[in-house]
Amino acid sequence: MSQSQPLIQLQQTTEPLLNVQEMQFWLDKAVAWGQANSPDTQKDTCLLLSRLRDFLQQLLTHINNMSSTTETLKTLPLLGQFLGRLCWNPYVTADATGRKLLLQCLWGLYSEHPGNAVERKANLWIRKVLYQLATEEDDVAVQALMNLMDVPPKEYHLKVLRKMVALLQENIGKNCSSLDDIHQRCSCNILVISEACIPLVSCPEAAPLIGALLQQPVTCVRAALSEDFLEALSSAYSSQCLLLKEQAVVSLWYHNMSSLEKAVLGLLEAVLTDTGSTPQKVERQLAESLLPKACAQHCSIFLVVNDIFRSVLKQAEGNESLKYLIQTFTRCFLRERALLQHQTSVSLKALFPWSPQSLLVPLLTLPSEMPPESWRHHLNWLSGSLQRLTEEEEEGDRDSSSRGHYKVFEAWFLLVHCAHWVQVAVRLLVTSGPEDCGALLWLLNFYYHPTNRGHRRTFQLVCVKEAWDHLRSLFLVSARPLPVGRLQSLITLLSTQPQQSSQSPLLILNLLVNFGVFFQQSLSGSTDILQTVVDQSGLVDEAARLLSSLELSFNEGSCSSNNANGVHLRIKALHSTLTHMRAATNPAENQAHTLTHSKTGESAYTHKHTHTN
């Protein structure tokens, strides 16, 4: 660059933007400082820093008064070279105020929507400059400064990075300018700062800056976050190259749908592929995922998460692990929503826009929120409402049948979310007589068999009623030994056979476990029945998971009981029985579990529950 070439081509205006002599002076200085590294040059730089700051402030005002980067570069054709020379001068960038003004000039040149090749080239150059300022690039001037100060390269660049991050973060809080002149550009620089952060997304030092960017409200076009920044951030976070605070993660999902989808699909894969998963583990995974908290804060996040659950459930309606994940998610979500209730006005209709509106409040109300004596009436109403929906589907013409099927699925999907009422229905069936079990059995059957493929719903209900009759008659027997015929009939119903594919072993097993816990049979009698039936039907693990789920609901207080201590003792005893059964079946696996838990220092009680499941 020629020293005699003017930096600015002044237009004939009534108010000159910059003094031409001063412009030439600083251009010559920038060239001279970059061509020598003598003590005299260093001294000259330090002596003139204060005046340089004043000039940079004038330059910044000029840039902000221009309508575009193209216009700025027309009046200041060598501006990029001038700023670039200063950026590579470590004595200039070491000065906090000078560095701040330099970066602000760069941000002012950045085009949020580049309209031509000049602006696109300028954007690429600005990003390169910002990146090199914060990374270990080989620069002669920087090396000279490090040698002079005896500072290791890593320490030098780390300090530069931290200063740059601090400066960027300081500028985030600036509000949009209230501009009277429509030709002036807004001074808001969130978009530019987010672009500058792209190379830094995996740097731990940049985490506070990234968190501040994510949580900054969007007030104008220039306050929007760069899509490239969000994609880079999503990639770094999903590959665990970046640690963010909880609220920053929630904000990332709010801004970037692909990162949210990755998180939900990752959770689904983790839960559904874990053959040794327990209800307690699923609850921990959900809490650690932050998804329930994010959904409680942002309706849009909930709708995306729920839509993914809906799509997966349509393809695997019989997957009990998936259904349990959705139930647990809903329980955690409702808990988080209750904590934020005073801060949000999002209605249930907005959260569940496709669900039958008459069922929303009745299903989303927790059993603990109403007296136990009202449960049966509440469940009878729910069962009747769902029956009417299914009848409309079956009796309507082709078009209304299609609409009815859609309504029935959405009603069932909501019931899967709110399966706490299914659990209450199963519990009440333990104490029901033949005259008042019909509605509860229908609800339970609908939960496990929502579709009516081949018009088999009536037959399925007959099978469920038969299983309930067998269980009730078996648990009414107090004499020993237990009647072999009745035991065998129940085992046959629990066995999965191709010709009886309409039956649901897990539905019957759920009834069996609840009879074991709540029926007024002696503990030894209940233990004998459970042990014999699950052993011969091969459903030990499934029974253990159902017991763990029941225990979890009681620990959380979602289902009250007049004899809570007795219920916990029976659950614990039945758990112990199933644990010993599994240990006897696979002693090698049991020994491995014992060694693992003893190494991690878990208590015997924790070991028992983890191993059982």
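Keep in mind the model is a prediction, meaning the values are calculated, not measured.

Asks: Mind showing me how you'd approach the overall build of the chain here?
Replies: Looking only at helices and strands, the chain has 32 helices and zero strands in total. By the burial criterion, 50% of the 613 residues in the chain qualify as buried. Contacts in the chain between residues far apart in sequence, at least 24 positions, make up 71% of those at least 6 positions apart.

Asks: Would you explain the packing of helix H27 (residues 505–518) against helix H29 (residues 540–555) in this entry?
Replies: To describe two helices that pack against each other, one gives the angle between their axes and the distance between the axes. Interhelical geometry of H27 versus H29 gives an angle of 55 degrees and a closest axis separation of 10 Å. Taken together, the axes of H27 and H29 are oblique relative to one another. Of the two elements, H27 crosses H29, and the hand of that crossing is right-handed. Contacts between H27 and H29 involve Leu506, Leu509, Asn510, Val513, Asn514, Val517 and Phe518 from the former and Glu542, Ala543, Leu546, Leu547, Leu550 and Phe554 from the latter. Here the contact of H27 with H29 is built from residues that sort into ten nonpolar, two polar and one charged.

Asks: Quick question: what am I supposed to make of helix H18 (residues 320–339) here?
Replies: Count 3.6 residues to each turn of an α-helix, and residues three or four apart come out pointing the same way. The terminal C-alpha atoms of H18, which comprises 20 residues, lie 29 Å apart, in line with the 28 Å expected from a rise of 1.5 Å per residue. Here H18 starts with a cap whose side-chain oxygen sits 3.0 Å from the backbone nitrogen of Ser321, and that cap is Asn319.

Asks: Teacher, can you tell me more about the packing of aromatic side chains here?
Replies: For any pair of aromatic rings, geometry is given as the distance between the ring centres together with the angle between the planes. Taken as a whole and judged by the stated rule, the model has 16 aromatic pairs. Seen from their ring centres, Phe55 and Phe82 are 6.0 Å apart, and the 85 degrees between their planes marks the pair as edge-to-face. One end of the pair, Phe55, is in helix H2 (residues 39–65); the other, Phe82, is in helix H4 (residues 79–87), with 27 residues separating them in the sequence. Residue classification places Phe55 among the buried positions, given a relative accessible area of 1%. Here Phe82 falls in the buried class, since its relative accessible area comes to 0%. An aromatic cluster of three or more residues is present, and its members are Phe25, Trp26, Trp33, Phe55 and Phe82. The residue whose ring lies beneath Lys323 is Tyr447, and the NZ or CZ to ring-centre distance is 4.1 Å.

Asks: So what exactly am I meant to see when it comes to the packing of helix H25 (residues 457–476) against helix H26 (residues 484–494) here?
Replies: One can describe the packing of H25 onto H26 by two numbers: an axis separation of 10 Å at closest approach and a directional angle of 145 degrees. Note on packing geometry: the crossing formed by H25 with H26 is left-handed. Counting all contacts with H25, which are made through Glu466, Ala467, His470, Leu471, Ser473 and Leu474, the residues of H26 involved are Arg486, Leu487, Ser489, Leu490 and Leu493.

Asks: Where do I start with the confidence of the model for the chain in this structure?
Replies: Atomic detail in the predicted coordinates should be set aside for any region of low pLDDT. Residues with a pLDDT of 70 or more make up 77% of the chain, whose mean pLDDT is 79. The model gives residues 498–502 a pLDDT under 50, and that stretch makes five contacts with residues more than four places away or in other chains. Note on residues 589–613: pLDDT under 50 across the span, and 34 contacts to partners over four residues away in sequence or across chains.

Asks: Could you clarify how one ought to interpret the environment of Met23 in this entry?
Replies: Tracing the backbone through its elements, the reader meets Met23 in helix H1 (residues 20–35). For Met23 and Phe55, which are 32 residues apart along the polypeptide, the C-alpha to C-alpha distance reads 8.5 Å.

Asks: Is there a simple way to think about the nonpolar core in this case?
Replies: One recurring pattern in soluble globular proteins: nonpolar side chains tend to sit buried together. Leu59, Phe82, Phe229 and Leu512 are the most contacted members of the largest nonpolar core, which has 166 residues in total. Discounting residues that sit within four places of it in the chain, Phe229 has contacts with Ser194, Cys197, Ile198, Val201, Ile210 and Leu213.

Asks: Looking at this structure, I do not really get unusual backbone geometry. What am I missing?
Replies: What is expected of a backbone is that most residues other than glycine have negative phi and most peptide bonds are trans. In the Ramachandran plot, Gln240 falls in the positive-phi region, its phi being about 60 degrees despite a non-glycine side chain. Turning to its location among the elements, Gln240 is positioned in the loop between helix H12 (227–238) and helix H13 (246–255). Positive phi is not limited to glycine here, since Leu290 has a value of about 70 degrees. As for its placement among the helices and strands, Leu290 is situated in the loop between helix H15 (279–289) and helix H16 (291–297). When its relative accessible area of 11% is taken as the criterion, Leu290 is described as buried.

Asks: For this particular structure, what's the right way to read the pattern of salt bridges?
Replies: Note that side chains of opposite charge can pair when their charged atoms are close. The tally for this structure, following the rule as stated, stands at ten salt bridges. A salt bridge links Asp307 to Arg310; its shortest N-O distance comes to 3.0 Å. Taken together, the residues Asp307 and Arg310, both in helix H17 (residues 299–315) and three residues apart, mark about one turn of the helix. The class for Arg310 is buried, based on a relative accessible area of 10%. A single network of salt bridges, built from pairs that share partners, joins Glu283, Arg331 and Arg335.

What counts and how
Residues numbered from 1 in each chain as written. Predicted model: local features only at pLDDT ≥ 70, side-chain atom pairs only at ≥ 80, totals over all residues. Heavy atoms only, no water. Helix = DSSP H or I, 4+ residues; strand = E, 2+ residues; numbered from the N terminus. Buried < 20%, exposed > 50% of the residue type's maximum accessible area, 1.4 Å probe, protein only. Contact = heavy atoms within 4.5 Å. Axes fitted to C-alpha atoms, helices over the stretch in contact; angles between N-to-C directions. Parallel < 35°, antiparallel > 145°, perpendicular 65-115°, else oblique. Left-handed = near helix turned anticlockwise from the far one by under 90°. Nonpolar A, V, L, I, M, F, W, Y, C, P; charged D, E, K, R; others polar. Expected span 1.5 Å × (residues − 1). Polar contact = N/O pair within 3.5 Å; in protein donor to acceptor, adjacent residues only side chain to side chain. Phe/Tyr/Trp six-rings, centres within 6.5 Å; stacked < 30°, edge-to-face > 60°. Lys NZ or Arg CZ within 6 Å of the ring centre and 35° of its normal. pLDDT = per-residue confidence, 0-100. Core = buried A, V, L, I, M, F, W, Y, C linked by side-chain atoms within 4.5 Å. Salt bridge = Lys/Arg side-chain N within 4 Å of Asp/Glu carboxyl O.

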